Structure formats: C-alpha cells, structure tokens
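Secondary and tertiary structure notes
Below, each chain spelled out in residue letters.
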Amino acid sequence: MDKIGILIGNEILKLRRRKILLVMLILLLVVCFFYQLLMGTLLETLSGVIIEERSATLSEQAELVLKEIEKNGGAEAENMYDRQQWYFYSEALADQIEYDDWRFQSGLLDDWAYAAAEGTSEATELKSLLERNDYAGYYRYQMAQNDLIYGMAGTAELAEAANWGYQYCLDHQIQPLTDDWRYLKALDASRALYQLRSYDLRLERTGISTDPVLYEETNNAFILAKYQLEHNVEINPADSFGQNSIVETALGGASKTSRFWDAIASTSGITLVGLFMIVIAGGVVAGEFQKGTVKFLLLVPAKRWKILLAKYCTVLLTGLFFLLVAWVGNFLFCLLFQGGKEAILPALFVKNGEVVRRSPYLLLLGRGLLSTVRVVVTATLAFAVSSLLRNSAAAVGVSMLVLFGGSTITSFLMLLGQDWGRYLIFANMDLVAVQDGTTGFAHQSMPGAVIVILLHMVVFLWTAFDSFTRREI
Amino acid sequence: METVMQEKQPVLQISHLNKTLGNRQILKDVNLETYSGEVFGFLGPNGAGKTTTIKIAVGLLSLDEGDISIAGYDLRRNFEQALEKTGGIVENPEFYPYLSGYENLRIYARVHENVTEERIKEVLELVGLSLRAKEKVGRYSLGMRQRLGVAQAILHRPRLLVLDEPTNGLDPAGTKALRDILKRLAHEEGLSIVVSSHLMSEMEMMCDRVGIIVEGEIRKIQPIEEMISAAKSGYEIYVFHVSDAAKAAALLGDLPAGTVAVADADHLEVQIPGAEQEATLAKINKTILQGDVNLYTVSRKEDRKLEDVFIEMTNGQGGGQIG
Ligand SMILES: Nc1ncnc2c1ncn2[C@@H]1O[C@H](COP(=O)(O)OP(=O)(O)OP(=O)(O)O)[C@@H](O)[C@H]1O
Ligand SMILES: [Mg+2]
C-alpha cells in the first residue's frame, strides 16, 4: 500500500514540473475571474443602462408615437394596433405615467388601452382606476374579474387561490410594481396555491391524482413564498441551487433569485476542468510510451497495476485540485465583484411543512461534490483511452471526439424524444443537471444515473488496467 | 577463482525460455545462468534476440514458456522482490526530459528500499555527472544520458545489473571508465553483470564469460580465456618488414615455420606455432638476414581472431548480419 503512496508521490512530482499544469491553473482562474466579472458588474451595469434609458423617455416617446399615429387617424385609426398605441400613450401623458409607475408595471395601462381600442365594457372602470391612481381598486377589480370568470367556469374554488396574491398585497399595502419583490412573491405564492387547488379539483372531479412529489413540492413552494413575505426575506440562496426546480418549471416563477448565489452556484468552470482532465489523463499513460520513459517507469519493483493505480489516483487528485480552485476562485471573485452582503444569508427549505434554515455553504458543498462526478467520469474515460494508445496527442484527440461526439448524439436523441438516450453515459455525467432536472430526459433519476455511471466506470477502468498490465513494452 | 564462484547459486537464471512475437518465434529454448562476481557478455548480431531476452528478464515483456529467477526470486511469482535486486538499461536509457538528472534519480530512488541522498550523489560522482546533475535531462547529450542510465541502474545496489549495449554513444574515455566501473562492481562488490553487445572486441576487454546468441538460440557459452585460446588455436601471426618480401618468402620456404604469406612488396606475414615461438622467430630472423635481405622490424600482428570466430559462428547460419 505504501508503495502506491510513493508511486503517487512520484507522479505528482513529475506532473508538478510540467508547465502545462501552471498554464491550466492560470487559465482556470482567468475564466472564473471573467465569469464573475460578467455576473457581478457587467450585467448590473448593462441592465442599469437599459432601465435608465427607458424610464427617461416614456413621455418623450409618447409624443413621438402619438404624432405618428395622428396621421393614421388617432383614436379613429383603422388599425387596431394603432388605436391601442394611441390610447396607451395619450393616457400615459394625461396621467403623467412613467415607466416606474405601478399603472405601467402592473399592466393596467396596457389592459385599458386594449379595452378602449376594442371598445369593451371594462374600459370605463379601467380608466377611472388609472385616473384615480388607485392600486387597491386595481386589486379589487382583478379579484372581481377572477370571481366572475371562475364562477362561470364552475370552478369557484380556484378564484380564491388565484386571488390570494392580490388579497395579500391589498392587506399589506403593496403596490403592484414589478420592481417590488413582495408583489412578485405574492403572485408566485398565488400561482402555487392555484396549482394545488386545481390538483385537488382534478382528483375530486376526475379521480386523477397528482404525482405526490410534485404535489408536495408545490405545497412547499407556497409555504416558502408565504414565509418569505411574512418574514420579509427577499432572497433565498436555495433558489440558486435548483432546489425548487420542479415547481419552478411547473409555475414559471417570476420572483428573482440571488445574483450572488446564482453566480457562485454556476458550474461553468467545471466544463473547463473536464477539458483539462482529458489533456492530463491523455498524457499520463500514452505520454510515457511516446517519450519512451515507460521503460524507466516500469523498471521498478512495483507491479504494473500499482503503477497504473498511482497514475489514476494522481489524475483524480489533480481533478479535485482543479475543482477546488474553480469553486474557491468563483467564490472569492464573486465576493470581490458583488460584496459579501448576500454571502451570509441562510438558505430556506420546507421540511414537513415547516420552513427550516440551512447554510447555503452546505448546498454549495453538495453541488461541489456532485460536480466532481462529471470530472471523475471524464478523467476515467480519457485515462482508459490513454492506456490503450501510444501517443498522447492521439489519446487527447480520441477522448475529445468520444466526449463531444457522444454529447452531441445524446442531445440529438433528446431532441428526437428518444428516451433510451438517458442510458448513455453522456446524459448522466452531469449529476448537477440530473439533480436540477435539466438534462432533457424526462424519466431520468438520480439512482438511475448513478447506476449508469458506475457501469461505465467499471468498463473504463477494466479496459485501462487489463490493457496496461498485459502490455508488451 | 571462477570455479569457486560457479558453485554458488546463479543470480540470474533463465531456463527454457521461449518467446513468440507476432507470428515469429524470437527466442528458442534459451538457457542462461549468470553468477555473482562476473561480467557476462551477451553477444549476438542485430536482431538475434538480446534485447528481447533482457526485456523479458526485467518484466517489460511477458514470457511464453520457461522460468526466470533473479537472486532466487521467481520473476512471475515474486516480481517485486526480483526487481528490487535488478538494475538495468534496456536499449537507450530514457528519462523525463523536464526533470534534472538528479530528480530523475530521486524518483527512481523513492521506489526502492534504502536509497539515501548520499547514495544518489555517490553514483552521480561515480559516473562523472556531479557537475551537471542539476541540469534538465532534455539538455543532456546521448553519452550523458547513457551515464545517467548507468547511475540509475546501480543506484539501489542491485545484485543483478543488466545493460543493453551500454557503450552506445559513449566516447572512448567514457567507454573505458564504464568498463572499469563494471569490472570493479563485479569483481569487488560481487554484482552479477550482463552486458549485451554485438562487438566482440568490446566483450573481450571486460567480460569474464561470453554467451553467443544467434537467431534466438544460444550457440555457445564459454569463459573468455577459453574462447581466446580456442580462437588462436595455437599460433600467432608475425609481420616482417623487409627490403624484399618475395625473396625472403623464398628463403623461408624450407623452414617448418607454418604458413608464410607475402602481404606486399616489403611485408611478410608468418604464422608461428605457440610452442617454441622464440626459437622459431630467431631462426626466421637469422635465415632472412643470412639470405642477404634487410630486416627492418618484426611485430606481432594485431589479434583479430576472436572477431573472426564470432563472424564465422553467426554468418555460417546465414541469418544475422553484423552491423
Ligand atoms: N514487437 C515485436 N514484434 C515482432 N517482432 C519483434 C518485436 N520486437 C522485436 N522483434 C523481433 O525480434 C527479433 C529480436 O529483436 P531484438 O531487439 O531482441 O534483437 P537484438 O538482439 O537486441 O538486436 P540489436 O543488436 O539490433 O539490438 C528481431 O528480429 C526483431 O525484428
Ligand atoms: Mg537490442
């Protein structure tokens, strides 16, 4: 055993003296740096520019557009769209509505313009809401509308759920501003509740039950949103880790996640580490043959499998080291560009109907561990290829071809709806995606992915060890 | 002295070794034993199977049939113990070019038991690389790499040292130094050394015993003295520098002095039997001088006989060619 330790030490010694390692390290940090720069400052600046430009020009734009539409007849224009535009902008001017006004952000102005252009009956009421700048009235109007619609559809139970958000905002004097997270969160909660009620209704009326996991997750989403509103918690780092992905996909949640934790939870650096692994694993065996040093390597009192195992361990250790650098680098650069304000927020979950707090760093750790799987599988594949070939460039090339070719084929299968594609290793390597449910194969599950990965690993390693120990030098 | 040693256990024992690569049988029933305290010359023309035998002995190639043991350890069953006792260079010594000579040795030393920093410095000194040990091997010349190879091979004080054409790339001084090192290691420290080569002259200068392999078969294993005396088969050739070679040859015609040949206008070559060599020489000198031919010098012709024997032995089978 200690012989393997010595051999690993030798491999690390050799690897450390290769310039390529340093180049990779620097490249990795540079990528992390620029990714965080983009996530942290550039995106903020960009969106800031857009908002500023827009809010400065609503009334100006109104004048321009109105002048244009006047030629087509103004309120009497032939074109429905022109009329709509006319009402929209003339009312905005009349009531001095800018982009940051709730009447614009809630969509009330749009609704009115549409109603007025169509000449529907709601127009008068909407106009009075606009003129009175009465957001409570807006909520009441929306609720009345829901009551009416669901009442006619014979699903009055749903109206209450659909109105939950409006009622909440009304009770807590929250304006319908899309700038205000509480308004958005209330709508999210409302959406989750609506979903739950419709599951109940479906069961009651048709006997079709809902997947209990989906039901529970939806319920949790509602509990969580309500909790956040009541405890004034704007940002939940757990959202950035795809913890509520099922519900998110089902509901199309509108409230925002933490930009800080989004930036940290991203696995963008991992692809690069996978690439590095191909290069390192590709050279680690085939390179010895290429340089002829394999004779030096093997002319020692250690069985071949030990020598190969030491190499494999060294490749894996290098991969783990790179991953650590990527995660830590990501984190530090994120702190640098975004500050540590959100770094200390707790992550909120729902467990057995109760909201529990947990450190987001546990989530980060979990994600970090999951991300190692992809790197390990990539490295193992490249290692197996490397121990079959005598040229490291060829080994790197073949591994790249297999990986990218395989991934492309898997994506095609996914697009073609061929569900058996999920049995390919390429659909399973990224356990983070499997966990987040973003691989694109519907029936994919964590245990299934683990089994597929293990089977492939056995084949890769068996290939590597069998060929290396039998090889004639 | 040799008889005493040969009663000991062999350090390297190869018995009934067969090896097929592709669909050619490269080695045919090779049997070989080498002992502590001797330099064994493994001689054969290109492609005879020297490197193949050596590779099998150090575990780089598998063996199809037969048994190999090193210092009493069976190569297959106790691979690690056997290799702990083995040092070697196979074909060209290859090192990691991005590491220094010293670092390459250190990597090698770590896998062996009891190799200290001092030992590394000691062997570097021994092969004359101390001054350039910190330099990257990528910048070494072929001869320097060869020296480093020797240093690596003896680093862990093996009992068996296998060197495949170790003088390849060495300058004359280096070759001589290596010969001296190997002789000392064998004769004073009791290593068993196997040196392969296709140059008989080189073998002659450092080996105690020689085994000749041709087309994968061992043809002959013999102590070098026996081989030399057998090659001479009892006579030596002397060259007579005279004023008139033809006339001198005619004069010597009646003498029972062995074959006489005229080399050119003023040189005469005469085979003289080992027994009563001085008397015969004196007689020839007298005869030439009395026959009124000037005799300038008499010298023994440089001995090329061993090489000739080797060539005969290997060429006779029509297989190998001498490089
Ligand atoms: N991998 C291989 N596959 C098939 N034949 C091989 C292989 N390696 C060597 N041979 C053949 O085995 C024979 C012996 O080769 P080997 O290298 O042992 O010769 P050698 O005695 O070391 O010659 P040299 O003096 O040229 O080094 C040669 O005919 C060679 O062509
Ligand atoms: Mg050879």
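As the structure is a prediction and not an experimental result, all values here were calculated from the model. (Residues numbered from 1 in each chain as written. Chains lettered and ligands numbered in written order. Predicted model: local features only at pLDDT ≥ 70, side-chain atom pairs only at ≥ 80, totals over all residues. Heavy atoms only, no water.)

Right, let's get into the overall build of chain A. A tally of helices and strands in chain A yields 20 helices and two strands. The C-alpha radius of gyration computed for chain A amounts to 29 Å, which surpasses the reference 23 Å derived for 473 residues by more than 25%, pointing to a less compact arrangement than a globule. Burial status across chain A gives 50% buried among its 473 residues. The long-range fraction of contacts in chain A, counting pairs at least 24 apart against all pairs at least 6 apart in sequence, stands at 71%. Accessible area for chain A stands at about 22900 Å²; split by element, carbon and sulfur atoms hold 61% of it. Both charge centroids of chain A, one from 39 positive and one from 49 negative side chains, sit 21 Å from each other. (Helix = DSSP H or I, 4+ residues; strand = E, 2+ residues; numbered from the N terminus. Rg over C-alpha atoms; globule rule 2.2 N^0.38 Å. Buried < 20%, exposed > 50% of the residue type's maximum accessible area, 1.4 Å probe, protein only. Contact = heavy atoms within 4.5 Å. Areas by Shrake-Rupley, 256 points an atom, 1.4 Å probe, with all protein chains shown as cover. Lys, Arg positive; Asp, Glu negative; His and termini not counted. Charge placed at Lys NZ, Arg CZ, Asp CG, Glu CD.)

Looking now at the overall build of chain B. A tally of regular secondary structure across chain B gives twelve helices and 14 strands. Counting only residues that meet the buried cut, chain B has 51% of its 323 residues in that class. Long-range contacts, defined here as pairs at least 24 residues apart, represent 68% of the contacts in chain B between residues at least 6 apart. Separation between the mean location of the 36 positive side-chain charges and that of the 47 negative ones in chain B comes to 5 Å.

As a further point, take the nonpolar core. Nonpolar side chains in soluble globular proteins tend to be buried together. If you look at the biggest cluster of nonpolar residues, it comprises 158 residues, and the most contacted ones within it are Phe322(A), Phe383(A), Leu161(B) and Ile193(B). With 14 residues, helix H16 (residues 304-338) of chain A is the single largest residue contributor to this core. In contact with Leu161(B), other than residues within four places in its own chain, are Gly87(B), Gly88(B), Ala153(B), Ile154(B), Leu182(B), Leu185(B), Leu191(B), Ser192(B), Ile193(B) and Val194(B). Among the nonpolar cores identified, the runner-up in size contains 52 residues, and Leu58(A), Tyr99(A), Leu129(A) and Tyr138(A) belong to it. (Core = buried A, V, L, I, M, F, W, Y, C linked by side-chain atoms within 4.5 Å.)

Moving on to the site of ligand 1. Residue and element names in this part refer to chain B. Looking at ligand 1, there are 13 residues lining it, with Asn-46, Gly-47, Lys-50, Thr-51 and Thr-52 nearest. At 2.8 Å from an oxygen atom of ligand 1 is found a main-chain nitrogen or oxygen belonging to Gly-47. Measuring from an oxygen atom of ligand 1, one finds a side-chain N or O atom of Glu-165 at 3.3 Å. For ligand 1, the accessible surface in isolation is 640 Å², of which the surrounding protein chains cover 63%. At the level of secondary structure, the elements contributing two or more residues to the shell around ligand 1 comprise strand E2 (24-34) and helix H2 (50-57). Per-element tally for the shell around ligand 1: the top contributor is H2, with three residues. A breakdown of the residues in the shell around ligand 1 according to their chemical character gives four nonpolar, six polar and three charged. (Near = heavy atom within 4 Å. Polar contact = N/O pair within 3.5 Å; in protein donor to acceptor, adjacent residues only side chain to side chain. Nonpolar A, V, L, I, M, F, W, Y, C, P; charged D, E, K, R; others polar.)

Let's shift gears to the environment of Glu230(A). When you line up the elements, Glu230(A) lands in helix H11 (residues 212-230). Separated by 164 residues in sequence, Glu230(A) and Leu66(A) have C-alpha atoms that sit 44 Å apart.

A separate point is the interface of chain A and chain B. The interface of chain A with chain B comprises 28 residues on the first partner and 32 residues on the second. Buried area between chain A and chain B, both sides added, is near 2900 Å², and the carbon and sulfur share of it is 60%. Per-residue buried area on chain A facing chain B is highest for Phe296(A), Leu299(A) and Pro301(A); these three make up 27% of the total on that side. At the surface where chain A touches chain B, the tally comes to five salt bridges. The residue Lys295(A) makes a salt bridge to Glu91(B) at a minimum N-O spacing of 3.6 Å. Contributions of two or more residues to the side of chain A that touches chain B are made by helix H1 (2-16), helix H14 (268-291), helix H15 (294-298) and H16 of chain A. (Buried area = accessible area lost by both parts, 1.4 Å probe. Salt bridge = Lys/Arg side-chain N within 4 Å of Asp/Glu carboxyl O.)

Residue and element names in this part refer to chain B. If you walk across this open sheet you meet the four strands as E2-E1-E4-E5, and the pairing is antiparallel. Pairing within the sheet leaves two strands with one partner each, and these edge strands are E2 and strand E5 (73-74). Summarising the sheet, strand E4 (residues 65-70) and E5 pair through two bridges and their orientation is antiparallel. The partner of Ile-70 across the bridge, within E5, is Tyr-73. H2 contacts strand E1 (12-21), E2 and E4 of the sheet and is inclined by roughly 115 degrees relative to E1. (Pairing = 2+ DSSP bridges. Axes fitted to C-alpha atoms, helices over the stretch in contact; angles between N-to-C directions.)

Tallied over the entire structure, the rule returns four cavities of 30 Å³ or more. Approximately 110 Å³ is the volume found for the largest cavity. Contributing to the lining of the largest cavity are Lys295(A), Phe296(A), Leu299(A), Gly88(B), Ile89(B), Val90(B), Asn92(B), Pro93(B), Glu94(B), Phe95(B), Gly149(B) and Gln152(B). Elements represented by at least two residues in the lining of the largest cavity include exactly H15 of chain A together with strand E6 (86-89) and helix H6 (142-154) of chain B. A per-class count over the lining of the largest cavity returns six nonpolar, four polar and two charged. The calculated volume of the second largest cavity comes to roughly 90 Å³. Lining of the second largest cavity is provided by Leu7(A), Asn10(A), Glu11(A), Lys14(A), Phe296(A), Leu297(A), Val300(A), Tyr96(B), Ile107(B), Tyr108(B) and Val111(B). Counting only elements with at least two residues in the lining of the second largest cavity, the list comes to H1 and H15 of chain A together with helix H4 (101-110) of chain B. Considering each element in turn, the lining of the second largest cavity owes the most residues, four residues, to H1(A). A per-class count over the lining of the second largest cavity returns eight nonpolar, one polar and two charged. (1 Å grid on protein atoms, 1.4 Å probe; cavity = no way out; pocket = protein on both sides within 12 Å on 5 of 7 lines; lining within 4 Å. Points joined across faces, edges and corners; volume = space filled by probe spheres on them.)

Bringing the domain arrangement of chain B into the picture now. Interface size is commonly expressed as the accessible area that is lost once the parts come together. The assigned domain composition of chain B is domain 1 (2-85 + 158-230) and domain 2 (235-300). Its C-alpha centre places domain 1 of chain B at a distance of 43 Å from the equivalent point of domain 2 of chain B. (Domains from an automatic or database assignment.)

The next point concerns the pattern of salt bridges. Applying the stated criterion across every chain, the model contains 31 salt bridges over all chains. The shortest N-O distance in the salt bridge between Arg184(B) and Glu189(B) comes to 2.9 Å. Residue classification places Glu189(B) among the partly exposed residues on the basis of a relative accessible area of 45%. Each of Glu11(A), Lys14(A), Glu288(A) and Lys311(A) takes part in one network of salt bridges that share partners.

Here the focus is the domain arrangement of chain A. Partitioning chain A into structural domains gives domain 1 (2-44 + 267-344 + 360-470) and domain 2 (58-98 + 101-133). Just the C-alpha atoms count here: the centres of domain 1 of chain A and domain 2 of chain A sit 57 Å apart.

Next up on the list: the pairing of strand E11 (residues 235-242) of chain B. All names here are of chain B. Relative to strand E13 (residues 267-273), E11 runs antiparallel, the two being bridged by seven bridges. The residue bridging Tyr-235 from the neighbouring strand is Pro-273, located in E13. Bridging between E11 and strand E14 (residues 295-300) involves five bridges; their strand directions are antiparallel. Across the sheet, Val-239 pairs through a bridge with Ser-299, a residue of E14.

All names here are of chain A. In this model, helix H4 (residues 80-94) (15 residues) spans 21 Å end to end at C-alpha, consistent with the 21 Å of a helix rising 1.5 Å per residue. For H4, the full list of buried residues reads Asp-82, Arg-83, Gln-85, Trp-86, Phe-88, Tyr-89, Glu-91 and Ala-92. Its buried side turned inward, H4 meets helix H3 (58-71), helix H5 (102-105), helix H6 (108-118) and helix H7 (123-132). With its phi angle positive at about 55 degrees, Gln-96 sits one or two positions after the end of H4. (Expected span 1.5 Å × (residues − 1).)

Together, Asp29(B), Glu65(B), Glu215(B) and Glu217(B) give the surface a local cluster of negative charge. Mapped onto the fold, Asp29(B) is located in strand E2. (Patch = residues over 30% accessible without salt bridge, like charges linked within 9 Å, V, L, I, M, F, W, Y side chains within 5 Å.)

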